[in-house]
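Descriptive analysis of the structure
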Amino acid sequence: MAKKKIMIVDDEESLIELVKALLEGENYEVITAMDGEECLEKLKTEKPDLILLDMMMPGMSGREVCERVRADPKIKNLKIAFITVAKFSEVGKDVLKRMNVLDYITKPFDNKDLIRRVKKLVG
Amino acid sequence: MARIDIKEGIKNNKIVVFVIPNKEYAARLEEIITALSKVYKSMCYVSLNKPYNVLINKLKKSKIDTEKFFFIDCITESVEGNAAKDHVFYVYSPRALTELSIMIKKVLDKAKIEITIFDSLSTLLIYEEIVNVIRFTQSLMTTLRTRGSGGIFTCLKEGISEDLIKDLNMFADKVITLD
């Protein structure tokens with residue numbers, strides 16, 4: 001059975017390395033991007049089972065990336081979860097629902113909790 | 001008298017971003033502060049563009065009770081170098097975001113601040129890249145929320161991107177564009 005594929009999008013290299021190591025340890029295939037542009041470029045050829053998307057990045061924010069993914073018929077149904085340092089307001093949570101963002105993980109996160117949530121989203 | 005949208009915005013929401021047309025900024029800001037001073041007993045004013053000496057005179061001229069305020073002045077120290085007065089704290093530059101964060105937390109905890117006015121996001125954008133402004137603002141909004149405190153963030157309508165507003169909207173209770 002093919003491994004499930006997770007894309008991590010974050011401008012913090014150390015976080016990417018950490019999450020990559022955690023998820024590869026759980027037998028996921030992991031691809032990475034350091035910003036929104038790179039993410040969208042990679043999505044032209046990759047179809048991850050889940051995108052873990054940092055909210056705040058230089059250039060395009062996670063929200064903007066998510067909007068663009070949802071606007072592209074080829075990739076609009078990809079599963080997305082945000083990674084964020086800040087607490088969303090009720091307005092923000094409504095926006096997440098409208099954008100069909102399945103979950104948001106707050107930094108700093110517990111490693112086991114991250115894995116549990118990823119498993120819940122992709123199996 | 002404060003406009004309905006300012007009063008309603010303050011009354012119903014804890015964390016509000018006011019987007020104000022450039023030429024109306026001074027007048028609308030005064031309305032916002034006047035409305036806040038009728039509701040709150042303990043406020044923090046973070047100024048990135050007006051020194052304390054200028055600010056206090058403006059507030060007094062508008063007959064606003066300045067005894068309710070603690071001030072964080074991010075302008076004066078870079079020019080003159082000032083030790084903290086009783087209700088005034090100094091941060092050496094609007095660029096010093098870490099120091100500013102620490103100072104805001106210190107004042108919030110020391111004075112049991114009910115609401116913080118951040119004047120302004122547009123000034124911060126002069127000194128910092130947009131991603132750092134959003135990160136800082138979101139972090140500050142979280143700090144205020146976890147302490148049960150409110151926050152009013154102002155910015156100029158002209159020169160602020162729609163994407164910035166959309167990103168702030170995720171973490172603020174309301175973004176109100178004044179005309």
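Above this text is the structure in question.
1. Observations regarding the overall build of chain B
Each helix and strand in chain B was counted, giving eight helices and seven strands. The C-alpha extent of chain B, read off along each of the three principal axes, is 40 × 35 × 35 Å. When the 179 residues of chain B are sorted by exposure, 56% land in the buried category. In chain B, the proportion of contacts linking residues at least 24 apart, taken out of those at least 6 apart, comes to 73%.

2. Focus on the interface of chain A and chain B
Contacts between chain A and chain B engage 21 residues on the former and 15 residues on the latter. In total, about 1,500 Å² of surface goes out of reach between chain A and chain B, with carbon and sulfur atoms giving 61% of it. For chain A, the biggest contributors to the area lost against chain B are Met56(A), Arg63(A) and Lys87(A); these three give 39% of the whole. Here chain A is connected to chain B by four salt bridges. The interface formed by chain A and chain B holds eight residue pairs in polar contact (both at pLDDT 80 or more) in total. Of all the elements in the fold, those that place two or more residues in the side of chain A that touches chain B are helix 3 (62-71), strand 4 (80-84) and helix 4 (90-98) of chain A. Among the elements that take part in the side of chain A that touches chain B, helix 4 of chain A stands out by supplying four residues, more than any other. For the side of chain A that touches chain B, the per-class residue count stands at eleven nonpolar, four polar and six charged.

3. A word on the sheet that holds strand 3 (residues 50-54) of chain A
Residue and element names in this part refer to chain A. Sheet architecture is open: five strands sit in the order 2-1-3-4-5, paired in parallel fashion. Every other strand in the sheet has two partners, leaving strand 2 (29-33) and strand 5 (103-106) as the edge strands with one partner each. Across the sheet, the axes of successive neighbouring strands diverge by a mean angle of 20 degrees, strand direction being ignored. In this structure, strand 1 (residues 5-9) lies alongside strand 3, joined through four bridges in parallel fashion. The partner of Val 9 across the bridge, within strand 3, is Leu 53. Sitting on the sheet, helix 3 touches strand 3 and strand 4, and the angle it makes with strand 4 is about 170 degrees.

4. Notes on the pairing of strand 5 (residues 115-119) of chain B
All names here are of chain B. With respect to burial, strand 5 is a largely interior element, five of its five residues being buried. On strand 5, burial covers both faces: Ile 115, Ile 117 and Asp 119 on one face and Thr 116 and Phe 118 on the other are all buried. In terms of strand pairing, strand 2 (residues 43-47) meets strand 5 through five bridges, oriented parallel. Across the sheet, the residue bridging to Cys 44 is Thr 116, located in strand 5. Two strands pair when backbone bridges link them, and strand 5 and strand 6 (residues 150-156) are joined in this way by four bridges, in the parallel orientation. By the bridge assignment for strand 6, Ile 115 is matched with Gly 150.

5. Quick notes on the packing of helix 7 (residues 130-146) of chain B against helix 8 (residues 162-169) of chain B
Residue and element names in this part refer to chain B. Across the interface, helix 7 lies against helix 8 with an axial gap of 10 Å and an inter-helix angle of 20 degrees. Looking at the two axes, helix 7 sits roughly parallel to helix 8. For the element pair helix 7 and helix 8, the recorded crossing hand is right-handed. Together, Ile 130, Ile 134, Thr 137, Gln 138 and Met 141 of helix 7 and Leu 164, Asp 167 and Leu 168 of helix 8 make up the contact between the two elements. Along the lines of polarity and charge, the residues of the contact of helix 7 with helix 8 split into five nonpolar, two polar and one charged.

Conventions we followed
- Residues numbered from 1 in each chain as written.
- Chains lettered and ligands numbered in written order.
- Predicted model: local features only at pLDDT ≥ 70, side-chain atom pairs only at ≥ 80, totals over all residues.
- Heavy atoms only, no water.
- Helix = DSSP H or I, 4+ residues; strand = E, 2+ residues; numbered from the N terminus.
- Buried < 20%, exposed > 50% of the residue type's maximum accessible area, 1.4 Å probe, protein only.
- Contact = heavy atoms within 4.5 Å.
- Buried area = accessible area lost by both parts, 1.4 Å probe.
- Salt bridge = Lys/Arg side-chain N within 4 Å of Asp/Glu carboxyl O.
- Polar contact = N/O pair within 3.5 Å; in protein donor to acceptor, adjacent residues only side chain to side chain.
- Nonpolar A, V, L, I, M, F, W, Y, C, P; charged D, E, K, R; others polar.
- Pairing = 2+ DSSP bridges.
- Axes fitted to C-alpha atoms, helices over the stretch in contact; angles between N-to-C directions.
- Parallel < 35°, antiparallel > 145°, perpendicular 65-115°, else oblique.
- Left-handed = near helix turned anticlockwise from the far one by under 90°.

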